[in-house]
Every structure is written in structure tokens, then in C-alpha cells.
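# Chains, contacts and geometry: an overview
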Amino acid sequence: MGAVTVRLPSAVHAKVSELASREGISIDQFVASAVAEKMACVLTLDFLRHEAAQGQRAAFDRYLDAVPNEPPAGPDRLPGS
């Protein structure tokens, strides 16, 4: 396991301490969880951007043309429609 020293403004540190305590975990666990969540977001965006770059408009149009032109059924309808 690696170690990182992070300097936080006093107000941020106090809030992190409060939230970690509320969750019943250490500040280290709270920060590790927050970093892991951010990392997952960045990696997901990287993946989606890579996949989008591989897309072809003609293939998208072909799949979209295969969808029947019918109003949405029951629970798929927008409220008020």
C-alpha cells in the first residue's frame, strides 16, 4: 500500500473528519474511497470517449432506422403525454 500526504484547508479537513466519523470509518478510509470514486469516473469517461471515437455514423443510422416509429408504451411515456 502506498502513502500520500495531502494538505487540506482546515474547513475541508473538519468536514471530512465529520463525514468519516458519521460513516464510522477513518479519515484515511474516507479519502481512499473518495479517490477511488473519482478514479472510476475518470476511467469511465476515458472508456466512453474511446468507444465513441470508434463509432460510425452510418452504423448508428442503420440501427436507428431499425427501430419502429411507434409511440412509447405505457411506463415509457413522458408524464402528461
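## A few points about the overall build of the protein chain
- Assigned secondary structure in the protein chain consists of three helices and zero strands.
- Ordered by position from N to C terminus, the α and β elements of the protein chain give α-α-α.
- Relative to a compact globule of 81 residues, whose C-alpha radius of gyration would be 12 Å, the protein chain shows 23 Å and is clearly more extended.
- Overall, the C-alpha framework of the protein chain stretches about 55 × 35 × 20 Å when taken along its three principal axes.
- Counting only residues that meet the buried cut, the protein chain has 4% of its 81 residues in that class.
- In the structure as shown, the protein chain presents an accessible area of about 7,600 Å², 60% of it carried by carbon and sulfur atoms.

## Quick look at the confidence of the model for the protein chain
- On average, residues of the protein chain score 95 in pLDDT, and 100% of them are at 70 or above.
- When mean pLDDT is taken per element in the protein chain, helix H1 (residues 10-23) scores highest with 98 and helix H3 (residues 57-65) scores lowest with 94.

## Overview of the packing of aromatic side chains
- In the structure shown here, the tally under the stated rule is zero aromatic pairs.
- Here arginine 62 stacks its cationic end above the ring of tyrosine 63, 5.7 Å away from the centre of that ring.

## What to know about the layout of surface pockets
- Taken as a whole, the largest pocket holds about 500 Å³ of empty space.
- Every element with two or more residues in the lining of the largest pocket is listed here: H1 and helix H2 (27-54).
- No other element matches H2, which puts seven residues into the lining of the largest pocket.
- Taken together, the residues of the lining of the largest pocket break down into 13 nonpolar, two polar and one charged.

## A closer look at the packing of H1 against H2
- Running from N to C, H1 and H2 point in directions that differ by 100°, and their axes come no closer than 9 Å. Here H1 is positioned roughly perpendicular relative to H2, judged by the angle of their axes. Across from His13, Val16, Ser17, Leu19 and Ala20 in H1, the residues of H2 making contact are Ile27, Phe30 and Val31.
- Grouping the constituent residues of the contact of H1 with H2 by class yields six nonpolar, two polar and no charged.

About the criteria used
Each chain carries its own residue numbering, running from 1 in the written order of its sequence. Owing to the predicted nature of the model, reporting of local features is limited to residues with pLDDT of at least 70; listing and counting of side-chain atom pairs is limited to 80 or more, with chain, interface and lining totals taken over all residues. Calculated side-chain values reflect all of the structure's heavy atoms, with hydrogen atoms and water omitted. Only DSSP runs of H or I reaching four residues or more are called helices, and only runs of E reaching two or more are called strands; each is numbered from the N terminus. Computation of the radius of gyration draws on C-alpha atoms, with the globule rule given as 2.2 Å multiplied by the number of residues to the power 0.38. Relative accessible area decides the class of each residue, using a 1.4 Å probe on protein chains only: under 20% of the type maximum gives buried, over 50% gives exposed, and in between gives partly exposed. Here the open area of atoms and residues is found with the Shrake-Rupley method and a 1.4 Å probe, where only the protein chains shown may cover a residue. pLDDT measures the predictor's confidence residue by residue and takes values from 0 up to 100. Two rings from Phe, Tyr or Trp (for Trp, the six-membered ring) form a pair when their centres sit within 6.5 Å of each other. Planes less than 30 degrees apart are called stacked, planes more than 60 degrees apart edge-to-face, and all others tilted. Lysine NZ or arginine CZ positioned within 6 Å of the ring centre and within 35 degrees of the ring normal marks a charge as sitting over the ring. Lining residues are defined by having an atom within 4 Å of a point belonging to a cavity or pocket. Those points lie on a 1 Å grid over the protein atoms alone, cavities being sets where a 1.4 Å probe fits but cannot get out and pockets being open sets with protein on both sides within 12 Å along at least five of seven lines. Grid points are joined across faces, edges and corners, and a volume is the space filled by probe spheres set on the points. For this classification, Asp, Glu, Lys and Arg are treated as charged, while Ala, Val, Leu, Ile, Met, Phe, Trp, Tyr, Cys and Pro are nonpolar and the rest, including Gly, are polar. Angles shown run from 0 to 180 degrees and are taken between the N-to-C directions of axes, each axis being a line fitted to C-alpha atoms and, for helices, limited to the stretch in contact. Our angle categories are set so that under 35 degrees counts as roughly parallel, over 145 as roughly antiparallel, 65 to 115 as roughly perpendicular, and the remainder as oblique. Whether two residues touch is decided by their heavy atoms; if any such pair falls within 4.5 Å, the residues are in contact.

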